[in-house]
Amino acid sequence: MRLIDAYGSDDRRSMAADNTSAFNCRFVAGTQRWSMHAYGLAVDLNPVENPYVAGGHVSPPAGRRYVDRSTRAPGVIHRRGFVVRAFRRIGWEWGGNWSYPKDYQHFSATGT
């Protein structure tokens with residue numbers, strides 16, 4: 001886990017490097033609203049192994065091989081796994097439970 005500064009404050013570069021991140025001052029994609037990451041209320045874990053998936057779009061691209069969530073590999077988050085349970089215990093929600101898009105790397109205090 002490295003500060004986003006190590007990637008020139010570029011979220012795409014950070015995700016491509018499989019960097020777990022939080023406290024990123026950025027907008028929600030396609031809007032001018034601050035992301036929950038900007039407030040420290042969201043974290044993205046192992047983005048390659050837990051990609052953002054919207055139809056055929058997968059981000060980061062290297063995450064395409066992990067879209068199949070039956071994959072058992074180090075760093076892959078599963079609905080009934082320890083990571084989801086740990087965040088649920090503190091009241092945070094997982095983007096992998098969203099109906100669309102799926103954001104398997106994303107956990108947030110607000111559910112957004």
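Computed from a prediction, not measured in an experiment: that's the story for all the values here.

Criteria and cut-off values
Residues numbered from 1 in each chain as written. Predicted model: local features only at pLDDT ≥ 70, side-chain atom pairs only at ≥ 80, totals over all residues. Heavy atoms only, no water. Helix = DSSP H or I, 4+ residues; strand = E, 2+ residues; numbered from the N terminus. Buried < 20%, exposed > 50% of the residue type's maximum accessible area, 1.4 Å probe, protein only. Phe/Tyr/Trp six-rings, centres within 6.5 Å; stacked < 30°, edge-to-face > 60°. Pairing = 2+ DSSP bridges.

K.L.:
So what's going on with the environment of Gln32? Which residues, and what values?
P.N.:
Within the secondary structure layout, Gln32 lies in the loop between strand S1 (21-22) and strand S2 (42-44). Its relative accessible area of 66% is what places Gln32 among the exposed residues. For Gln32 and Val43, which are eleven residues apart along the polypeptide, the C-alpha to C-alpha distance reads 19 Å.

K.L.:
Which residues make up the packing of aromatic side chains, and what values do they have?
P.N.:
For the structure shown, the criterion picks out five aromatic pairs. A centroid spacing of 6.3 Å and a plane angle of 20° characterise the contact between Trp94 and Phe107, whose relative ring orientation is stacked. Residue Trp94 is located in strand S5 (residues 93-94), and its partner Phe107 is located in strand S7 (residues 106-108); the two are separated by 13 residues in the primary sequence. Grouping residues by exposure puts Trp94 and Phe107 together as buried. Here the aromatic residues Phe87, Trp92, Trp94, Tyr104 and Phe107 are joined through ring pairs into a cluster of three or more.

K.L.:
Lay out the sheet that holds S7 with the relevant residues and their values.
P.N.:
The four strands are arranged S1-S2-S7-S5 in an open sheet whose pairing can be described as antiparallel. Strands at the two margins of the open sheet, each flanked by one partner only, are S1 and S5. Pairing of S2 with S7, which is carried by three bridges, proceeds in the antiparallel orientation. Paired with Ala42 across the strands is Ser108, a residue of S7.

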